[in-house]
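Examining the three-dimensional arrangement
Spelled out, the chains give:
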Amino acid sequence: MTALKGVLSLIIISFCFAFEGNTQDLKPISWKDIPSWKSISQGSVQFSKDGKWMAYGMVPVEGDGEVVLQKVDEPESKKTFPIGSSSNPSIAFSENGRWVAFKEYPKEKEKKAASKNGGKNLKEKLILIDLQNDFKKTEYDNIASYAFNGKSSSHLAINLSKEGSNGDAKGSDLLIVNLSNLRSHNIGNVLEFAFNKSGEYLAYTIDAANKNGNGLHLYQVGSGNINILETDKATYKSINWTEKGDAFALLKMVDDKAFKQDHGKVIGVKNPAKPELTLYDPKTDSVGFPKDFTISPNRKPMWSEDLGRLFYGIHPLVAEKKEDKKGEKEEEKPESNEADKLGKIMADTTIKSISDLQTAIAKLDTGKNKSSNAKADLPKPDMTIWHWKDSRLQSRQQVLENQDKNYSFWAMYHVSDAKHIALQDSSMKDLLILPKQKFALGSDLKQYELDMNLDGQSYYDYYIVDLFSGERKELFTKFYQPNYNSRPRASEDGTKLLYAEDGHFYIYDISKGEKSNLTENVSTTFVNVEDDRNIEKPMNGPLGWSADSKYVLLRDSWDIWQVPVGGTGNAVNLTQNGKTDKIRYQDRFALDPEEKGIDLSKGMYVRIYGENTKMSGIGKINPAKNGLKPGVDKLIWEEANINRLSKAENADVFFFTKEKFSTPTDYYTTGPKLENPTKLTSNAPDAGKYSWSKGVKLVDYVSDKGDSLQAALFLPAGYEEGNEYPTIIYYYEKLSQTLHNYSNPEFSRTGWNPGVYTSNGYAVLIPDIVYTLDDPGMSAVWCVLPAVKEAVKTGIIDRENMGLHGHSWGGYQTSFLITQTDMFKAAAAGAPLTNMISMYDLIYWNTGAGNMSIFESSQGRFRGGPWENWDSYLRNSPVYHVKNVKTPLLMLHNDKDGAVDFTQGIEYYNALRRLKKPVIMVQYKGENHGLSKLENRKDYSVRMMEFFDHHLKGKEAPKWVSDGVDRLQLDTHLEKRVF
């Protein structure tokens, strides 16, 4: 349907019932139901590489969960195992698919009991399941980490937790379990271990008490033979195998009493069958290695692909402090104690009277004062110096202090030449080693960092570094990088760079030193024209390089293009119909985790999204060869959220997820054509007991500035046509694309959960907001109010009982909207910006950076600072229009908010209170921008719904809403509300 200016329309996208049954038996989801609510932990989902098994955690919001194992071809054949309390269980299959291992955690009750003594004595188990032997279970107590031995799938290594005190030993027991008979080989004091890719070899390091017997060992898994490659009183760490598994590198760190850091060495081991060991020790290199540096422990070393060079980090040494006595009179050796000092003084003094004794004691005090006045004993001030020339604010430097201390520069060692070469220094802070290790890409922002931190416009100097000679040459000076997508990225052979400049993509051939415009003759633009921030020509993100480095895949706002690099041939629109049909081909599913570039000889699976319909699915782009015309086969295309396509590594078995607003996220399995998928999971097993939204609608509307936009409207549970319902309007820039997104009932960090609100009889409206520069607040007015007015026409929304809610930027929009309209009966604003002028000069404490760059080039969308654009900042600041507010407001603002300073909430609260406007502010001590503690998330979720229930449903106001709570009564009040 075409939306014309001034013509508003309603499209019904779906009217879905998530759960069938007698609706009279269903009940709304209450906050007290949520602690026990179980659902799939998405991060735990694993598939065996043969495509035969699936495993995942089914965990509650609060309490003990379980691991579910099931056969892919028999979805009903589920086996469950209790795993204690974990929100994201650790699960792993062996590569041959016979074994699965997972952790069992302490139970919730045990964790709560242990929290009283600092969480001590909490131990984890490892559960090993034989999938070919009737789920035979083997348990291992008190484990820390574990790993199967790669492709071999013959052994399991388990590093046990360190118990008790064993001197200064850092290592602990390592069990190597032979999976054919479950017999274990115990190796003591293991600090690190790592299998190579084939699983034939295990490299591990020993760290024992007093470093006795420390060393590097290589275990031949099949025979059980151990080869001791190195032993010394040193710490061996950072094992790093090559991708092929034919070599590995690691560090050897030795105590050096002269410096605060250990003395580092790098070890390279090739040919594990007959190990060839290379040791580079900077102390023996009197020519190439700077004496004021050492090899850093903070960067993993690695081999080059040709095994001719070792790469590692180096950093400056810091000497241990020594007392400087140059030019100073050497002090007398201090006596052992006060009595000795007094005895010496009295021996040298004739004591004839009390006065003489007092004189002796005075000499002792004078000596004490003299000693305490020594420079070394004087207390230092605890302070910070903020200087206008600082490229980074002192607060930013404090946040990055550990990172800066641990920073290291890349260096390399030519094995054949026994030569060390430093690859970077402080004039080139960042270095990326490119594929094949022929070249590296260096960058530095030092010259522009101050301005970048002030106005947010990003510039970099780029360099090419030869990884054989170490020679550096300049690539770009003051390269403008409006977003991450413009930065240079290397081809798979490491010889070319793709980058964007002034709205076009370019190729730079490193060997030839030549650049060429890649897109000047392509009949589209790859600029993200929908990005409304104050930056110049931001680009859409490239999909990547082809495996043969002859093509790049680029995205305009709709289609995917295959563009040749060598200057021959034309760019091909692979998807064809994106722009004409308003379909976004968003991204490619990378089904091979080890792929090196995109194999254009095979079909590509891509995610599809209908901009106007909100439908989604998966398509396949056929290879552009053998006379085949470009285009996409739509394999799945539904009024649902389709995502997470993956493939079993060793079988043509595919998996994907599907969800709707009231239908939990579930996994499906299918074949390469994605035909006739089979549902594998039953997420949220208790969902059928509760009432859910009756469906979703899509509202088309036009903003006051003429933009054609959409809003997602979610119907309340029990919806009946012709009835009107209290409604919450929620927003945060563009969100209509969430029409089919499922929200798991839980206590969120912001108190908001749309599924819980619709279950409790609310309609929810989520409109899109687009922005005009210099008017972020007014943009919300121009977009939200027309959306609400059009949605009211559906007959679903009760215009007399509408509420607003948003958090952070959405909180700002809420606090601003209520200064511009009386349309809403209540509003809740979480962590809102309220004074754009004072906020501009404050600090984003989570990063330590200033807010000015956010205002000028990011979400604030202003051109310049307040002194250059005073009217705009004033016009869009809620606090300056506070006299217009009539809407009761609930604010959440925490005292340790590191994103929106607490003073923003205080300013708005005090201004409203001064005018005796109905405002309540809740503050959770020590919390940041969102709530992290479960007890706080529970409390605020309940309070916000109580607030809206009173104002929008007419329920009796709780005392905290009607009268507040005195400080002396607060503990009693909180105790009554705990659940």
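Read on for a plain summary of the structure. (Residues numbered from 1 in each chain as written. Predicted model: local features only at pLDDT ≥ 70, side-chain atom pairs only at ≥ 80, totals over all residues. Heavy atoms only, no water.)

A tally of helices and strands in the protein yields 17 helices and 55 strands. The dimensions of the protein, computed from C-alpha atoms along their principal axes, are 105 × 90 × 65 Å. Long-range contacts, defined as pairs at least 24 residues apart, comprise 56% of the intrachain contacts of the protein with a sequence gap of at least 6. Positive and negative side-chain charges of the protein, numbering 125 and 130 respectively, have mean locations separated by a distance of 2 Å. (Helix = DSSP H or I, 4+ residues; strand = E, 2+ residues; numbered from the N terminus. Contact = heavy atoms within 4.5 Å. Lys, Arg positive; Asp, Glu negative; His and termini not counted. Charge placed at Lys NZ, Arg CZ, Asp CG, Glu CD.)

Time to look at a nonpolar patch on the surface. A cluster of nonpolar side chains, namely W386, L393 and W845, defines an oily patch on the protein surface of about 310 Å² accessible area. The topology assignment puts W845 in the loop between strand 52 (843-844) and strand 53 (849-850). With a relative accessible area of 42%, W845 lands in the partly exposed category. (Patch = residues over 30% accessible without salt bridge, like charges linked within 9 Å, V, L, I, M, F, W, Y side chains within 5 Å. Areas by Shrake-Rupley, 256 points an atom, 1.4 Å probe, with all protein chains shown as cover. Salt bridge = Lys/Arg side-chain N within 4 Å of Asp/Glu carboxyl O. Buried < 20%, exposed > 50% of the residue type's maximum accessible area, 1.4 Å probe, protein only.)

The next subject is the packing of aromatic side chains. The final tally for this structure, using the stated rule, is 46 aromatic pairs. When the centroid spacing of 5.1 Å and the interplanar angle of 15 degrees are considered together, the rings of Y730 and W752 count as stacked. Taken together, the residues span a long stretch of sequence, with Y730 in strand 48 (residues 725-730) and W752 in the loop between strand 48 and helix 8 (754-759) at a distance of 22 residues. Considered together, Y730 and W752 belong to a single accessibility category, that of buried residues. Here the aromatic rings of F855 and Y873 are separated by 6.2 Å at their centres, their planes lie at 25 degrees, and the arrangement is stacked. Remark: Y873 occurs in helix 13 (residues 870-875) and F855 occurs in helix 12 (residues 852-857); sequence separation between them is 18 residues. Side by side, F855 and Y873 carry an identical accessibility label, which is buried. Here the aromatic residues Y460, Y462, F476, F479, Y499 and Y506 are joined through ring pairs into a cluster of three or more. Sitting over the face of the ring of Y459, K478 holds its NZ or CZ atom 5.1 Å from the ring centroid. The side chain of K634 reaches across the aromatic face of W637, ending 4.3 Å from its centre. (Phe/Tyr/Trp six-rings, centres within 6.5 Å; stacked < 30°, edge-to-face > 60°. Lys NZ or Arg CZ within 6 Å of the ring centre and 35° of its normal.)

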